[in-house]
Amino acid sequence: MFFICVFLTIGFLVSPFFYPRRNLYFVLMFTRFAGTLVLAQTLRIVCFLVTTLPGPNYHCRPDSPDYAPPKTLMDIFGRQDAFFGCGDLVFSSHTIFVVLCALVWHKYCPFKWVRRVVWLLVFFFGLLVVAARKHYSLDIMVAWYTVPLIWIAYDHYFPDKLPVDFDPYPELPQKFRVDRKFKV
């Protein structure tokens, strides 16, 4: 599901190259996505450097037969295991990407039903990540409110620079349009 959200968003970002009548600007969407991603990942790095939580998975528990804590300095700083790692939790990088993809769809997609489906998928994704024991619910919740706040701050300090008469979807009838005022 993670890869579906990411690939659909990448397809949406590059769609102006394949549909010349769509006047959405790839650079505008990608800059907002990348800028918010850099800020969110930087904040995430700071968060997981100052927090310590035991891993939620079965192999991270001391009574598990698969429990293998680091024993040497090389283990502490050099061991990288994407599937059986027990740290790097607060806050979820998977959820950062999924929420960021949903925010791109929410801001630039003209169809309300698509935006609703995307937000339902984000919620469902959070449940799946907790059920798979990849993250605690705390990690998901922190990402759910931190990433939109970073998005809003980025939008406030770096608004979209579009012409006043810009119409992103000229081919859509008025009843399908999203009522948005673009800033100059």
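As shown above, the structure is provided for reference.
A quick note: this is a predicted structure, and the numbers were derived from the prediction, not measured.

**Quick word on helix α6 (residues 137–157)**
Now for step 1: Look at α6: 31 Å from first C-alpha to last across 21 residues, which is about the 30 Å you get at 1.5 Å a residue.
Now for step 2: Listed as buried for α6 are D139, I140, V142, A143, T146, V147, P148, I150, W151, Y154 and D155.
Now for step 3: Contacts made by the buried residues of α6 are with α2 (26–50), α4 (93–108) and α5 (112–131).

**Describing the nonpolar core**
Now for step 1: Ranked by size, the top nonpolar core spans 32 residues in total, and within it F12, F91, L100 and V147 carry the most contacts.
Now for step 2: For this core, the secondary structure elements donating two or more residues are α1 (2–18), α2, α4, α5 and α6.
Now for step 3: The leading source of residues in this core is α4, at 10 residues.

**So, the packing of α2 against α4**
Now for step 1: One can describe the packing of α2 onto α4 by two numbers: an axis separation of 10 Å at closest approach and a directional angle of 150°. In this view, α2 runs roughly antiparallel relative to α4, as classed from their interaxial angle. With respect to the hand of their crossing, α2 and α4 are arranged in right-handed fashion. Taken together, the residues of α4 that come into contact with α2 (itself represented by L28, M29, R32, F33, T36, L37, A40, Q41 and R44) are S93, I96, F97, L100, C101, V104, K107 and Y108.
Now for step 2: When the residues that make up the contact of α2 with α4 are grouped by side-chain class, the tally is 11 nonpolar, 3 polar and 3 charged.

**Topic: α4**
Now for step 1: Between the first and last C-alpha of α4 there are 23 Å, a value that for 16 residues agrees with the 22 Å anticipated at 1.5 Å per step.
Now for step 2: α4 sits mainly inside the fold: 13 of its 16 residues count as buried.
Now for step 3: At the N-terminal end of α4, a side-chain oxygen is found 3.4 Å from the backbone nitrogen of H94, two or three residues along, and the residue is S92.

**Description of the pattern of salt bridges**
Now for step 1: Taken as a whole and assessed by the stated rule, the structure comprises 2 salt bridges.
Now for step 2: Between R32 and D155 there is a salt bridge, with the nearest N and O atoms lying 3.3 Å from each other. With R32 in helix α2 and D155 in helix α6, the pair connects residues that are 123 residues apart, well separated along the chain.
Now for step 3: Where D155 meets K107, a salt bridge forms, and the shortest distance between an N and an O atom there is 3.6 Å.

**Comments concerning the packing of aromatic side chains**
Now for step 1: Per the stated rule, a full pass over the model turns up 2 aromatic pairs.
Now for step 2: An angle of 45° between the planes, with centres 5.0 Å apart, marks the rings of Y154 and F158 as tilted.
Now for step 3: Between the NZ or CZ atom of R32 and the centre of the ring of W151, over which it lies, the distance is 5.8 Å.

**With respect to the packing of α5 against α6**
Now for step 1: α6 packs onto α5 with a crossing angle of 155° between their chain directions and a minimal axis gap of 9 Å. By the angle class used here, α5 and α6 are roughly antiparallel. The handedness of the crossing between α5 and α6 comes out as right-handed. Taken together, the residues of α6 that come into contact with α5 (itself represented by V122, F123, G126, V129 and V130) are S137, I140 and W144.

**Observations concerning a nonpolar patch on the surface**
Now for step 1: Among the surface-exposed residues, I45, V46, L49 and V50 lie close enough to one another that they form a single nonpolar patch of about 400 Å² accessible area.
Now for step 2: Accessibility expressed as a relative area gives 41% for I45, which makes it partly exposed.

**A short note on the environment of V6**
Now for step 1: Inspection of the secondary structure puts V6 in helix α1.
Now for step 2: Look at V6 and you get buried, because its relative accessible area is 16%.
Now for step 3: Sequence-distant contacts of V6, defined by excluding residues within four places in its chain, comprise F97 and C101.

Rules of the game
- One numbering rule holds for all chains: residues counted from 1, following each sequence as written.
- Two thresholds apply to this predicted model, a pLDDT of at least 70 for residue-level local features and 80 or more for giving and counting side-chain atom pairs, whereas whole-chain, interface and lining totals are computed over all residues.
- Only heavy atoms go into the side-chain values, all of them from the structure, while hydrogens and water stay out.
- Secondary structure elements are taken from DSSP: a helix is a run of H or I of four residues or more, a strand is a run of E of two residues or more, and numbering for both begins at the N terminus.
- Expected helix span is given by 1.5 Å per residue-to-residue step, counting one fewer step than there are residues.
- Accessible area is worked out with a 1.4 Å probe on protein chains only. A residue is then buried under 20% of its type maximum, exposed over 50%, and partly exposed in between.
- Contacts were defined at the residue level, with two residues in contact if any of their heavy atoms lie within 4.5 Å.
- Side-chain atoms within 4.5 Å are what join buried Ala, Val, Leu, Ile, Met, Phe, Trp, Tyr and Cys residues into a set we call a nonpolar core.
- The convention used is that axes are lines fitted to C-alpha atoms, helices contributing only their stretch in contact, and that angles between N-to-C directions extend from 0 to 180 degrees.
- Relative orientations are named as follows: roughly parallel for angles under 35 degrees, roughly antiparallel for angles over 145 degrees, roughly perpendicular for angles from 65 to 115 degrees, and oblique for any other angle.
- Each crossing gets its handedness from the near helix: less than a right angle anticlockwise from the far helix is left-handed, clockwise is right-handed.
- The nonpolar class holds Ala, Val, Leu, Ile, Met, Phe, Trp, Tyr, Cys and Pro. Asp, Glu, Lys and Arg form the charged class, and all remaining residues, Gly among them, are polar.
- Within 3.5 Å is the distance limit for a polar contact, defined as a pair of N or O atoms, with the added protein rule that one can donate a hydrogen and the other accept it, and that residues adjacent in sequence qualify only through two side-chain atoms.
- Between Lys or Arg on one side and Asp or Glu on the other, a salt bridge is scored when a side-chain nitrogen of the former is within 4 Å of a carboxyl oxygen of the latter.
- Put simply, two rings from Phe, Tyr or Trp (the six-membered ring, in Trp's case) pair if the centres are within 6.5 Å, and we call them stacked under 30 degrees between planes, edge-to-face over 60, tilted for the rest.
- Charge over a ring is defined by NZ of Lys or CZ of Arg lying within 6 Å of the ring centre and within 35 degrees of the ring normal.
- Like charges are joined within 9 Å and nonpolar side chains (Val, Leu, Ile, Met, Phe, Trp, Tyr) within 5 Å, but only among residues with over 30% relative accessible area and no salt bridge; these make up the patches.
- Using the Shrake-Rupley algorithm and a 1.4 Å probe, accessible areas are obtained, with residue cover drawn only from the displayed protein chains.

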